[in-house]
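# Structural overview for review
Here are the chains, one letter per residue:
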Amino acid sequence: MSTNTKMKMIDRNSFQVNLRRFPIYLFLILLTLMCIVPLWLLLVNATRSTPEIQSGISLIPSTNLLANFKTLSGRNFSLPRGFANSSFLSISVTVLSVYFSILTAYAIEVYDFALKDILQRFIYVLVLIPQQVSIIGFYQYMASLHLTNSYIPLILPAIAAPASVFFAKQYLETCVVRDLIYAGRIDGCGEFGIFHKIMMPMAAPGIFTMAIFAFVASWNNFLTPFIMLNKVELYTLPMLVQLLRGDTYRTEYGAIYFGMLVSILPVIVVYSFLANKIVGGLALGAVKE
Amino acid sequence: MQTNNMTQGNGAAAKAAPKYHKMGNLTKNYMGYVMVAPFIIAFLVFGLYPIANTIWLSFTNTTLMKQSGEFIGLKNFQSLFNDKFFYMALGNTWKIWLTNFIPQMAIALMLSAWFTSSHLKLKGVGFFRTIFFLPNLLLPATVAVLYFSLFNFYGPANQFLVRTGIFSEAFQFFRNTTFTQSLVAFIQTWMWFGNTLIILIAGMTSISTALYESAMIDGAGGWKMFTNITLPSLRPVLIYTLVTSLVGGLQMFDIPYMLTDGKGSPNNSILTLNVLMYSRFSSSKGHIGLAAAVGMCILIMTTVCSIFIFYVLRDKDAAKEKREHKKMKKEQMKYRKAVSQ
């Protein structure tokens, strides 16, 4: 980094810098608390019984975690099923959107075909068009095909994910090595073979980042499944969590917090292991537009 | 900018490619069609048709009960423009978006300037960045129910305020329109400032340090460098953030829908356009046509605003340069063709 030269110039008045740093750290700690405290309260309250929660705030976990789980299951609130539904949907969506996005981006990057530039620009525009505005037309169309209460309308659209293609294109620009493609052809590899055996492994870090964001987006998605599904057996986690606000659970505070905890735990666990990759991936996609 | 150099470098590689194609692989280009076909088919079926269908539905009186409606022209839009709830939703959506976006941007700009500053050399930047981004990954449904529980009449917020003596008795937070509206804006900021921060940091680290060094030799202070170097260099990143935030903000649904009763209570203070759309859709009559019209209004508004932002904030000098660059390239191509013939 060439910032070193600057640092030397500044070091002289380091006392002043220290003085300036102090309020900044204070502010940062304040923001950290703002991010953490609500989640900590959620975690702690998920382990406390309802009377304990009503008696006041505590920052120390209690021992009622299992009891809360039982209360929740006793009320016909099937967290495991919601969990399985959400996992199935999110994994399917992730696989489809990542594979077809990288395939589309690869085609645009490597081959010369008519309308390729128009297609690329078109996809860039699509990124900015919000999908929820057409949800009514989507619902009516799927209802006419008798596909409500089915996962098909929630999974198949993932094949066309413009934002994902956009990211994949940016990423492939930096990692497609044409000589390898020609070498593959000479060795008698088919075009799909080159894509699967040479390009996909090379683009693995980018694919990984795309997969995480696709998974989280699908895991958190509420409106589309909420409109398309009305059988409780098919409910996803966000739809179940939303029920916690209703009358059935009004006084079971411990159980409510427990339900919330289960819904966010997988994301937090994954994030605690892969935070740097996730944060780095976000930065990668954003700046090179 | 570093990134620019990189893309230019790749451009050069792409230009080199046709040479190989001429060596006998030209026919392989049809594979491009094969590989983009799934995307295009899925887009036509699941992307374009629903939009077209929504446009069509917004001109009909379709309801949930009878699937086929008749064409009624602009009547849905007329009734929408005569509906006070529509104006409320429109006002709320903009108000909540602005009161979320302005502090979010201010905090993110300030933090990213600190984090990338070589004066300050802050410690634990990675840690703070990681923590600040966390709320962005959580289920909006859970976040809404969590804040609902925290500010509930019997919730921790009231417990804290009463115990410490700040309030003499528990406060009905969700009966206060100003509070509820501000809380939605706060939650949006809480969830998104880390995301904006990371994008801005990435933008700032790609600004050449030589610019700052020469400014420092000229005796420019921190603030002057920020306004004269950082902000102008960040322009594309700022536009990107602004547009994506606006597109997302105008569609705000999850938090306002799940924080209270799903109808924008108290007193319609958090009734946003998408909540209105859903309530028309899910009403006992199931006015699909009317709901589609709301969707169309959001789409038109989003498009107009995005184009307006791109137009107003575009870098006029850079655009000119680009055009000239393109012209030059075209002439070069012509020249090359002429020579090769």
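Basis of the calculations
Residues numbered from 1 in each chain as written. Chains lettered and ligands numbered in written order. Predicted model: local features only at pLDDT ≥ 70, side-chain atom pairs only at ≥ 80, totals over all residues. Contact = placed C-beta atoms within 7 Å. Nonpolar A, V, L, I, M, F, W, Y, C, P; charged D, E, K, R; others polar. Axes fitted to C-alpha atoms, helices over the stretch in contact; angles between N-to-C directions. Helix = DSSP H or I, 4+ residues; strand = E, 2+ residues; numbered from the N terminus. Left-handed = near helix turned anticlockwise from the far one by under 90°. Buried ≥ 20, exposed ≤ 12 C-beta atoms within 10 Å, placed from the backbone. Core = buried A, V, L, I, M, F, W, Y, C linked by C-beta atoms within 7 Å. Domains from an automatic or database assignment.

### Here's the deal with the interface of chain A and chain B
Each partner contributes to the interface: chain A provides 83 residues, whereas chain B provides 90 residues. Of the residues belonging to the side of chain A that touches chain B, the class tally is 55 nonpolar, 16 polar and 12 charged.

### Side note on the packing of helix H5 (residues 79-110) of chain A against helix H2 (residues 30-57) of chain B
One can describe the packing of H5 of chain A onto H2 of chain B by two numbers: an axis separation of 8 Å at closest approach and a directional angle of 145 degrees. Every pair of crossing elements has a handedness; the one defined by H5 of chain A and H2 of chain B is left-handed. Residues Phe100, Leu103, Thr104, Tyr106, Ala107 and Ile108 of chain A of H5 of chain A touch H2 of chain B, and the partners they reach there are Gly32, Met35, Val36, Pro38 and Phe39 of chain B.

### Examining helix H7 (residues 135-144) of chain A
Across the 10 residues of H7 of chain A, eight count as buried, placing the element largely inside the fold. Listed as buried for H7 of chain A are Ile135, Ile136, Gly137, Phe138, Tyr139, Gln140, Tyr141 and Met142 of chain A. Of the surrounding elements, those touching the buried residues of H7 of chain A are helix H8 (152-155) and helix H13 (223-228) of chain A together with H2, helix H13 (273-282) and helix H14 (288-313) of chain B. Histidine 146 of chain A sits one or two residues past H7 of chain A and shows a positive phi near 60 degrees.

### Looking at the nonpolar core
Residues Tyr106 and Met260 of chain A together with Val143 and Val294 of chain B are the most contacted members of the largest nonpolar core, which totals 148 residues. Examining the composition of this core, we find that 14 residues originate from one element, helix H8 (residues 177-205) of chain B, more than from any other. Excluding its chain neighbours within four sequence positions, the residues that come into contact with valine 143 of chain B are Leu138, Ile187, Met191 and Ile255 of chain B.

### Examining the domain arrangement of chain A
By domain assignment, chain A separates into domain 1 (4-64) and domain 2 (77-243). Relative placement of domain 1 of chain A and domain 2 of chain A: their C-alpha centres are 36 Å apart.

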